[in-house]
Amino acid sequence: MFVTSAFAFLVLIAWRWDGRRRKREHGGWAEIAALAIIAAWSLIVAATGTTTLVSQCFETLRSLALLALILALFTRDGRHASVGPIRPVLAALVFVEMLQFLLIMMQFRFGQDTGVTAMILQISFLFRLLVAIGGLVLVHNLYVGAASHQRMALRWTCAALAVIWGYDLNLYTIAYLSLQLPLELAALRGLAQIIAAGLLVIGAVRGRSAMRFSPSRAVAFQSLSLMVIGVYMIVMVGAAQSLAWLGGNASQLAQLGFIFVSSVLVLAIIPSGRVRGWLKVMLAKHFFQHRYDYRAEWLRFTRTIGRAGSQTPPLHERVVQAVADITDSLAGLLLVPAESGELVLASRWQWPTADVPAEALGAGSVPVFEKSAFIVDLDEVRAGIDHHGEHAAVPAWMLEEHSAWALVPLLHFDRLVGLVVLGRPQVARQLDWEDFDLLRVVGMQLASYLAEHTGQSALLEASRFDEFNRRIAFVMHDIKNLASQISLLVRNTEKHADNPDFRADMLITLRNAADKLNSLLARLSRYGTNGSERVEDIDACEVINAIAARYNTPGLPQLYVTQCQPCRVMANREALEQVVLHLVQNAFDASPEGMAVFLQVSADSLHGMIEVVDTGSGMSAEFIRNRLFKPFVSTKQGGFGIGAFEARELVKAMRGRLDVESREGLGSRFTIRLPLTAARSLIDSIEDGADPLDKKVA
């Protein structure tokens, strides 16, 4: 194994040397020198054995070279003052390792005395054990003290150093406690060197970047390292005593088994995200005065919100991610106010399975969050705890969604502009005052971003409306002139045409054209007015049956009326037909060829409902919120982008409401809600603010 280890390091040296020559890089000689000394030590051990004086000398040189490599990694960016705290540790380790030369000389001088030799070996084992512990502490602080974006460059080098010194820690702990070097474990050091060489190769392939040491919270991390090593030493002492009782071959097999089991446990536990999350929580809880590194959190928050580019997610999705990153939540939702005051889904982040209704949170629950600005722990609400009336404000679907963990209101000048629903992290914990303070501050900052985004969208929409109004003014002027000309032509034809048949046909044609142009003129005139429509008592079933009859050709039915309860509503028939026709046509456009569209009519206590359901491509929450009802925004080639906006405005003019529910890949459901004829007086009294019973008595 040592010959293979030497060959691996020699190949690595040649590769690194050639790479530096081709790239004409300077520096990095400490790494190449350390690799060369490790290769030489492996050759010496392979040739003379582990316990010879020559191999011990080269092992000391190897340890010194590794310490020099650690110092070079700490000072790679040129800021030598930043490694001031670790210089005494390095100096102490170098001094302890240099004492090995003195012990080697003493062993050469008094090698014939068995008692003196045993004492010298015991001291040598202790010194090498101390150097291994110190080396592991330095590697730990080198990695955790580096900036997060630079750890990738250090990861594989630190892993290789940890393998070398970690194996030495096991070897010399057992040697010190058993008063002799275990030859079986010493022979396996070559395998550890081969693994380290492989890790260095991976690190070289993935590249390196300039390292910058930033000893943030270094004292806590060093204390944690020493505590872990101390616990490990206690376990090893107990294991060594147990092995001594076994004796013979059983002792050697137990040593190998202990190392194998320990390695398997480490490799199985370290990659676990849940274990890393638990360690992070425990570390923040017991070792730091504050849970968060506020500088790091603010930098990450700024990077998330300030990202730009074609591949950058929309602002609403980045808002959710910025809040979720703080608490290590795995997913999140953003609810924003609709025009009627209720909260609707605006965006999802890594939470496609959440079943959110069209009205995610009622308008009556909004004041609870605006008055208290309270961060809601949903687990407490599920347990019946109510601090500020949030128990009545949280909807049932949110409590039934077990993955929902917390609610973070986004307040801008005491006005709720959004509500973030955080998903449960891998390691769930109870939120405390520090979580509340940080989330509240972040929520206010995000609310300002959302308010600014909304204001910019409103300005852009106003400018587009202004341009549209200017264009439509010219269109209306031309249409008026054309209508006047056609009317004049009709009058002249009535006076001067001699052919009765020609005159009759001409009159019919011109009158139809005039009627169409006047109808178009009337429709265009609605923009810029109050949008009111003349409503009357109509049968909703009669309207949708007439529309279905237009679409369904014999033998190829595509538009089905699946439900038609008796339902008379107050509406404008022409406007209602226009709205339903637009929604049906959009449903066909969004559905695969040959797929059907369904119409349904039903009624609740006050409103009649006409539903248009398709099984097409569906729409995302971001599209529904920011694009569906925005004028001049169209996904169709050559579309003007005013159809959905006009449909919603027509429904609002009839004192109704147009709702939409959609899931990507599943389809969409548009619901037109109009006042029932039988409930007209009750609705009028509610809107006027009067008591309907008083009107009835009067």
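Since the structure is predicted, the reported quantities are computational estimates derived from the model, not experimental observations.

## Points about the confidence of the model for the protein
Logical step 1: Here the protein shows a mean pLDDT of 78. Residues at 70 or above account for 70%.
Logical step 2: Contacts from residues 208-223, a stretch scored under 50 in pLDDT, to residues over four places away or in other chains number 45 contacts.
Logical step 3: Under a pLDDT of 50 for its full length, residues 692-698 has, in the predicted model, 5 contacts with residues more than four places off or in other chains.

## Re the pattern of salt bridges
Logical step 1: For the structure on display, the rule yields 21 salt bridges.
Logical step 2: Taking the shortest distance from any N to any O, the salt bridge between Arg-424 and Asp-379 comes out at 2.9 Å. In this pair, Arg-424 sits in the loop between strand 5 (415-423) and helix 18 (433-496) while Asp-379 sits in helix 15 (residues 378-382), placing the two residues 45 residues apart along the sequence.
Logical step 3: A salt bridge links Arg-669 to Glu-611, with the shortest nitrogen-to-oxygen separation between them at 2.9 Å. Taken together, the residues span a long stretch of sequence, with Arg-669 in strand 12 (residues 667-675) and Glu-611 in strand 10 (residues 607-614) at a distance of 58 residues.

## Overview of the nonpolar core
Logical step 1: Judged by nonpolar contacts, the single largest core of 52 residues is most densely connected at Phe-9, Ile-70, Leu-138, Leu-142, Leu-161, Trp-165 and Leu-181.
Logical step 2: Put simply, the parts of the chain that give this core at least two residues each are helix 1 (2-23), helix 2 (29-48), helix 3 (53-74), helix 4 (87-109), helix 5 (114-144), helix 6 (151-178), helix 7 (183-187) and helix 8 (189-206).
Logical step 3: It is helix 6 that contributes the most residues to this core, 13 residues altogether.
Logical step 4: Those residues in contact with Ile-70, other than ones at most four positions away along the chain, are Leu-138, Val-139, Leu-142, Leu-161 and Trp-165.
Logical step 5: Ranked by size, the runner-up nonpolar core spans 42 residues in total, among them Ala-571, Val-580, Ala-587 and Phe-629.

## Let's talk about the pairing of strand 4 (residues 404-412)
Logical step 1: Counting buried positions along strand 4 yields 8 of 9 residues, so the element is predominantly enclosed.
Logical step 2: Direction of pairing for strand 3 (residues 376-377) relative to strand 4: antiparallel, over a ladder of 2 bridges. The residue of strand 4 that forms the bridge with Val-376 is Leu-407.
Logical step 3: As judged from the 8 bridges shared by strand 4 and strand 5, these two strands associate in the antiparallel manner. In the sheet register, Ala-406 faces strand 5, and the bridge partner there is Leu-422.

## A few points about the sheet that holds strand 12
Logical step 1: Read from one edge to the other, the open sheet built from 5 strands follows the order 7-9-10-12-11, with strand pairing classed as mixed. The open sheet is flanked by strand 7 (559-564) and strand 11 (657-663), the only strands paired with a single partner. Adjacent strand axes in the sheet meet at a mean angle of 15° when their direction is disregarded.
Logical step 2: Looking at chain direction, strand 7 and strand 9 (residues 597-603) are connected through 5 bridges and run parallel. Opposite Cys-564, over in strand 9, you have Val-601 as the bridge partner.
Logical step 3: Contacts between helix 20 (residues 540-551) and the sheet are confined to strand 7, strand 9 and strand 10, with strand 7 contributing the most and set at about 160° to the helix.

## Thoughts on the sheet that holds strand 1 (residues 332-337)
Strand pairing in a sheet relies on backbone hydrogen bonds. The paired strands run either parallel or antiparallel.
Logical step 1: Strand order in this open sheet of 5 strands is 2-1-5-4-3, and the pairing throughout is antiparallel. At either end of the open sheet lies a strand with only one pairing partner, and these are strand 2 (343-349) and strand 3.
Logical step 2: The pairing of strand 1 with strand 5 spans 4 bridges and is antiparallel. Considered in strand 5, the bridge of Leu-334 is made with Val-420.
Logical step 3: Against the sheet, helix 13 (residues 315-327) engages strand 1, strand 2, strand 4 and strand 5, with an angle of about 70° to strand 2.

## With respect to helix 13
Logical step 1: Taking 1.5 Å of rise per residue, 13 residues should cover 18 Å, and helix 13 covers 19 Å from first to last C-alpha, within 8% of that figure.
Logical step 2: Within helix 13, 12 of the 13 residues are buried, which leaves it mostly tucked inside the rest of the structure.
Logical step 3: Restricting attention to buried positions, one finds in helix 13 the residues Leu-315, His-316, Arg-318, Val-319, Val-320, Gln-321, Ala-322, Val-323, Ala-324, Asp-325, Ile-326 and Thr-327.

## Quick word on the packing of helix 3 against helix 4
Logical step 1: Interaxial distance between helix 3 and helix 4 falls to 10 Å at its minimum, and their mutual angle equals 170°. Judged by the angle between their axes, helix 3 and helix 4 are roughly antiparallel. Residue-level inspection shows Leu-53, Gln-56, Cys-57, Glu-59, Thr-60, Leu-61, Ser-63, Leu-64, Leu-67 and Leu-71 of helix 3 in contact with helix 4, the latter providing Arg-87, Leu-90, Leu-93, Val-94, Glu-97, Met-98, Gln-100, Phe-101, Ile-104, Gln-107 and Phe-108.
Logical step 2: Looking at side-chain class alone, the contact of helix 3 with helix 4 contains 13 nonpolar, 5 polar and 3 charged residues.

## Considerations on the packing of helix 21 (residues 573-590) against helix 23 (residues 643-653)
Logical step 1: One way to put it is that helix 21 packs onto helix 23 with a least axis distance of 9 Å and a crossing angle of 145°. Judged by the sense of rotation from one axis to the other, the crossing of helix 21 with helix 23 is left-handed. Facing helix 21, whose interface residues are Ala-575, Gln-578, Val-579 and His-582, helix 23 presents Gly-643, Ala-644, Glu-646, Ala-647, Leu-650 and Val-651.
Logical step 2: Considering only residue class, the contact of helix 21 with helix 23 consists of 6 nonpolar, 3 polar and 1 charged.

## A few points about the pairing of strand 9
Logical step 1: Summarising burial for strand 9: 5 of the 7 residues are buried, a large majority.
Logical step 2: Across 7 bridges, the pairing between strand 9 and strand 10 is antiparallel. By the bridge assignment, Ala-603 is partnered in strand 10 with Gly-608.

## Here we look at the environment of Arg-625
Logical step 1: Along the polypeptide, Arg-625 turns up in helix 22 (residues 621-628).
Logical step 2: As a C-alpha pair, Arg-625 and Ala-338 span 287 residues in sequence and 8.7 Å in three-dimensional space.
Logical step 3: Those residues in contact with Arg-625 that sit more than four places away from it in its chain are Val-336, Pro-337, Ala-338, Val-344, Leu-345, Ala-346 and Lys-630.

## Here's the deal with the environment of Arg-573
Logical step 1: For Arg-573, the position within the fold is in helix 21.
Logical step 2: Once residues lying within four places of it in the same chain are set aside, the contact partners of Arg-573 are Glu-536, Ile-538, Glu-542 and Val-543.

Analysis parameters
Residues numbered from 1 in each chain as written. Predicted model: local features only at pLDDT ≥ 70, side-chain atom pairs only at ≥ 80, totals over all residues. Heavy atoms only, no water. pLDDT = per-residue confidence, 0-100. Contact = heavy atoms within 4.5 Å. Salt bridge = Lys/Arg side-chain N within 4 Å of Asp/Glu carboxyl O. Helix = DSSP H or I, 4+ residues; strand = E, 2+ residues; numbered from the N terminus. Core = buried A, V, L, I, M, F, W, Y, C linked by side-chain atoms within 4.5 Å. Buried < 20%, exposed > 50% of the residue type's maximum accessible area, 1.4 Å probe, protein only. Pairing = 2+ DSSP bridges. Axes fitted to C-alpha atoms, helices over the stretch in contact; angles between N-to-C directions. Expected span 1.5 Å × (residues − 1). Parallel < 35°, antiparallel > 145°, perpendicular 65-115°, else oblique. Nonpolar A, V, L, I, M, F, W, Y, C, P; charged D, E, K, R; others polar. Left-handed = near helix turned anticlockwise from the far one by under 90°.

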